[in-house]
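# Close look at the chain arrangement
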Amino acid sequence: MDIGHHQFEDPGLRLRWLAYLEFTHNPGVSEFSWDQLANYLPRDDKLFELVRCGVPHQLRPQIWPRLAGSLVLRQKVPLTYKELLRRTVESSAQSVARQIEKDVMRTMPQNGCFSSKNCTGVKRLRNILRCLAELFPEIGY
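So, here is what we can say about the structure in this document. (Residues numbered from 1 in each chain as written. Predicted model: local features only at pLDDT ≥ 70, side-chain atom pairs only at ≥ 80, totals over all residues. Heavy atoms only, no water.)

### Quick look at the state of the cysteines
Enumeration over the complete set of coordinates arrives at zero disulfides. Unpaired in terms of disulfides, Cys131 finds its nearest cysteine sulfur in Cys113, a separation of 19 Å. (Disulfide = S-S within 2.5 Å.)

Shown next, in the form of structure tokens:
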């Protein structure tokens, strides 16, 4: 099984999604391209029907951000996650960093992703918590 293909996925559903996008949201007569598709998919009955049938695994990285509106939000917010993370490393307050470190190590220690200081889950959670503390200092950590 190749990585982008889910064994239980209906190939007909993928074709229905692509046909819907091409004929409903593709400006002009050109070949369909994700770059030409709007960052937000307007709601209509056909879209609701397709969502209820499921979004094919291969199309999810393109469809879900458009359905959730995250691409539109990303355009409005100039700060990216990577920039925020860099800023937290440069300016993270010691007391906040110490408290985050304690809490991260107490999070699901029986889970393999959180079992030691260098595990993937610990690193990712640490980064997210530092970013949230930096982004919302009025809330604190």
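After presenting the structure, the write-up continues.
### A look at the environment of Arg16
Take Arg16: it is sitting in helix α1 (residues 11–25). Note: C-alpha distance between Arg16 and Tyr40 (24 residues apart in sequence) is 19 Å. When residues no more than four places from it in sequence are discounted, the contact partners of Arg16 are Glu49, Leu50 and Cys53. (Helix = DSSP H or I, 4+ residues; strand = E, 2+ residues; numbered from the N terminus. Contact = heavy atoms within 4.5 Å.)

### Section: the nonpolar core
Nonpolar side chains in soluble globular proteins tend to be buried together. If you look at the biggest cluster of nonpolar residues, it comprises 13 residues, and the most contacted ones within it are Trp17, Leu21, Leu41, Leu47 and Ile63. Among the elements of the structure, α1, α2 (45–53) and α3 (60–68) are those that each provide at least two residues to this core. The leading source of residues in this core is α1, at four residues. With sequence-adjacent residues up to four places away left out, Trp17 is seen in contact with Leu47, Leu50, Val51, Gly54, Val55, Pro56, Leu59 and Ile63. Counting six residues, the second largest nonpolar core, distinct from the first, contains Ile100, Val104, Phe114 and Val122. (Core = buried A, V, L, I, M, F, W, Y, C linked by side-chain atoms within 4.5 Å. Buried < 20%, exposed > 50% of the residue type's maximum accessible area, 1.4 Å probe, protein only.)

### Description of the side chain of Arg66
Counting through the fold element by element, Arg66 comes out in helix α3. Buried within the structure, Arg66 lacks any salt-bridge partner; its nearest side chain of opposite charge belongs to Asp35, at an N-O separation of 6.4 Å. A polar contact is formed between the side chain of Arg66 and the backbone oxygen of Gln62, at a distance of 2.9 Å. (Lys, Arg positive; Asp, Glu negative; His and termini not counted. Salt bridge = Lys/Arg side-chain N within 4 Å of Asp/Glu carboxyl O. Polar contact = N/O pair within 3.5 Å; in protein donor to acceptor, adjacent residues only side chain to side chain.)

### Focus on the environment of Glu22
Relative to the helices and strands, Glu22 is located in helix α1. Judged by its relative accessible area of 29%, Glu22 is partly exposed. Distance in space between the C-alpha atoms of Glu22 and Leu37 is 8.8 Å, their sequence separation being 15 residues. With residues up to four places along the chain from it excluded, the contact list for Glu22 reads Ser30 and Phe32.

In short, shape yes, function no, at least from these values alone.
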